[in-house]
Amino acid sequence: MSADPTIADADLRPRRLVVSRAAMEVDGHALTDVELGGWVYGPELGTAPVIVVVGGITASPFPFGDGKRPADGGQEAWWPALRAPDLIDPARHTIVCPCWPGNGSSWRGLDDPGAAVPALSVLGLADLVASWLDGIGSATPVTFIGASLGGMVAVAFAARHPERCGRVITISAGLRPDGWGTATRHLQRELVRDGLRNGDVQTGMIRARQLGMLTYRGRDELDTRFGKLVPGLEQPPVAAYLEHHGRRFAERFPVRTFLLLSEAIDRGNFGEDQAAVRAALHGITAEVLVIGVPGDLLFPWALQVELHRELQAVGATSSLWKLDSVYGHDAFLASQGELAELLRDTGVFRGELRAAPRPRFEGVGIEPLREIRIGLVGCGTVGGGLLEMIERQRAAVADRYGVRFRVSKIAVRDVGKDRGPLAAAIPRTDRPLELVSDPEVDVVVEVAGGEALAPVLRAALAAGKPVVTANKTLLARELADLGVLAQRTETPLYCEAAAAAALPIIRHLSHRADEIESLMGIVNGTCNYIITRLEQDELPMAQAVAEAQALGLAEADPSADLDGHDAAAKLSILTYRAFGVWYRPDSFPVRGIRDLDPADCDLAEAMGFRIRLIARAARVGSAVDLAVEPLLLPDWHLLASVEEEYNAVYLRCASSGDLSLFGKGAGAMPTATAVLGDLIDLAQDNSARWPVPQPIPQARPSGTAAGDAAGAIAPPPRRHYLRITAEPHAGLARRVDSLVRRTGLSVQNRAHRGEPDRVHLAFLVSPSSEAQIAEIEASVERLGRVQQILRLGVAE
């Protein structure tokens, strides 16, 4: 090995390192007198992390230049945007750049015009890089970043030499070339060979490069930049562009190197079939970032997706990122500023690898009937209902939407438990994450519930697999993060079933044209059923809960329902969709129905009201006032007539006025219907972006420490229902009336209900702030013989 320092620049001092081999075999070819060259930036090998940088066919081994000005014969940097303290930094990374054969590396006969050019593949090129790294003493696992041909070599290097590779960043490449790219490169090589045969190799190289330029750039960019041949022009505007690049290429690039590298791409096949490809990739242990450009003609986006999916299928850690650019294949050069920002987002050069975007789901299968394969997490009540709905609606869905849904795998805790005849033949696993990497799964549907499944949903979105979930508990904590991830990866995230089951409220909020001013909803069927029993049958709370449990409407532990937490989780989801703001359920007032008594329903009705557990949110100036609480509704109000286990959501919109939705909000089949509706939206590519949460303050009750500290806007005053239960004694009503007047308020209505040993007095207090009504309540508590006080708000 020999070293040849050439640069005295303090920041860039690339050193040429050459490794000599008497003989070696590459792709079945015996090579002799081999010299493998390359250049090294930064600290000495062994003292810093090593990054291998390899570009496309025409790329020099100087991605950051050689420290000299081009006017003085220096090499121009072709990736300067990636040289930064938080990306590839010569001050803290050893950057090694191997030379392509014929352009810094060689062997006997390579430059002999009469000798055949050996038919090497990208796997052979990867072996040459590995041999050079061995020779220069690079002993630790490297980060390999490659673009175009370099990206293919990077993947081959990770597969052939897994112990040498810690991370791979492959840009605008793939596992294989497609037929169109292979045909284009074959034509390029034939143009060069024609030039060799005719004695005009320069023209052959010019034409080959010109043809290549049309594949390197995107169609939109060529159209907008050069336009058409219009009257008054002898040649189209693109002619000068093609001539410049063609001549520059012919003057600078070795002919035989071009032929060898071009053919290496087309021979870059990891196997003849899928089994062989996966066997070749199976040993990869490196983390892989796959970066593609949707408008790439040379290595189309589909090839990036294929590479990503095949890596996942063999258990490799792969993430797929999209670089949006009009420059097509050349985006890694022409849009390198955007590429640098994307790499910053990944955090790969900071030692972290965050969840990765990939394009939105485009469906699978072939026309006219597509098949979407479902990985189902959970196969209990709702999962079984979904299987039944898919089977029942199979013909109708195929006829209406041209799609067939098939559950291809189920993840459950107990794989041996009987899940019914519809699930009997479906493969099972007890590891939900398997569904994310399974290539036979196109969408992950999660109906198991619980916060423990957050990593599964996050991994699916990062991998670009659409997610449909009914998990309101998880979404109540994670939806903002999952929504942002879904937006970044352009991967659909659906959760209709998590808000109000069969009510398509999420769908309406996602696709609305109007602005929402306020929403009110009965979103917990269990509580609504219990209140109905208190109201109509005058059952005590415990008995009403037991009846709901017997009917399957309440869980064995009904706390989440009775204490309002279930409704709060749903309100959090609805508020995010309606207003674009994110509040966790523990950040706004939540109150359940445990304190209600049948007497409250009777007293409210006597004054013209009905009690319902309401989830509400409304804009108040620049803030949002939201809460879950039992409220008195005027008996004419739409929500006041909602009984039993039914749900309803009432919207007030800026332009379209009042809108409402009504239906069953719980149960296996209503929930399964919502999930199937999300799947149909997915099949139709009908998904809406999740908003980035906006920093709108939350309205809080004035006079509270939390409200004052936050500087938030207090909600407007409202009327209150005050129920006082006490031992019967004269003058109680008069004394309460006096306490109300002392605060500057008035009693607008009152009702009375007597029992043998106690009396219930209800007062409707004029609009008051939370501080005022709390003062009245505190004063009443100091009165003698008062047993209980209940305060509820009144909705207008």
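Refer to the structure above for everything that follows.
Residues numbered from 1 in each chain as written. Predicted model: local features only at pLDDT ≥ 70, side-chain atom pairs only at ≥ 80, totals over all residues. Heavy atoms only, no water.

**Here's the deal with the packing of aromatic side chains**
Then step 1. Under the counting rule described, the total for this entry stands at 10 aromatic pairs.
Then step 2. Arranged with centres 5.2 Å apart and planes meeting at 50°, the rings of Phe144 and Phe157 form a pair that is tilted. Placement of the pair is Phe144 in strand S6 (residues 142–147) and Phe157 in helix H2 (residues 149–160), with a sequence separation of 13 residues. Residues Phe144 and Phe157 agree in their burial class; the two are buried.
Then step 3. In textbook terms, an aromatic cluster arises when at least three aromatic residues are bridged by ring pairs, as seen for Trp78, Trp79 and Phe332.
Then step 4. Seen from the ring of Tyr529, Arg533 lies directly overhead, with NZ or CZ sitting 5.0 Å from the centre.
Then step 5. For the cation-ring pair, Arg577 lies above Trp690, with the distance from its terminal atom to the ring centre recorded as 3.9 Å. (Phe/Tyr/Trp six-rings, centres within 6.5 Å; stacked < 30°, edge-to-face > 60°. Helix = DSSP H or I, 4+ residues; strand = E, 2+ residues; numbered from the N terminus. Buried < 20%, exposed > 50% of the residue type's maximum accessible area, 1.4 Å probe, protein only. Lys NZ or Arg CZ within 6 Å of the ring centre and 35° of its normal.)

**Some details on helix H11 (residues 336–346)**
Then step 1. The set of residues buried in H11 consists of Gln336, Leu339, Ala340, Leu342, Leu343 and Thr346. Take H11 and look down its axis: the buried residues cluster within an arc of 160°, on one side only.
Then step 2. In this structure, the buried residues of H11 make contact with S6, strand S7 (165–171), strand S8 (287–292), strand S9 (317–322) and helix H10 (331–334).
Then step 3. Following H11 by one or two positions, Gly347 adopts a phi angle in the positive range, close to 70°. (Arc of directions from axis to C-beta. Contact = heavy atoms within 4.5 Å.)

**With respect to the sheet that holds strand S19 (residues 646–653)**
Then step 1. Ordered in space as S20-S19-S16-S17-S18-S24-S21-S23-S22, the 9 strands form an open sheet in which the pairing is mixed. Both outer strands of the open sheet, strand S20 (657–664) and strand S22 (747–755), are each paired with one neighbouring strand and no more. Put simply, the sheet's adjacent strands are angled 20° from each other on average, direction ignored.
Then step 2. Pairing of S19 with S20, which is carried by 8 bridges, proceeds in the antiparallel orientation. From the neighbouring strand, Tyr650 faces S20, where its bridge partner is Ser660.
Then step 3. In the packing of helix H19 (residues 525–536) onto the sheet, contacts are made with strand S16 (516–522), strand S17 (609–620) and S19, and the angle to S17 comes to roughly 145°.
Then step 4. In the packing of helix H22 (residues 565–579) onto the sheet, the strands contacted are S16, S17 and strand S18 (623–634), and the crossing angle to S17 comes to about 35°. (Pairing = 2+ DSSP bridges. Axes fitted to C-alpha atoms, helices over the stretch in contact; angles between N-to-C directions.)

**Concerning unusual backbone geometry**
Then step 1. Despite not being glycine, Ser148 has its phi angle at roughly 60°, a positive value.
Then step 2. Mapping Ser148 onto the fold places it in the loop between S6 and H2.
Then step 3. Under the relative-accessibility criterion, Ser148 is labelled buried at 7%.
Then step 4. The backbone phi angle of Ser172 is positive, close to 50°, even though this residue is not glycine.

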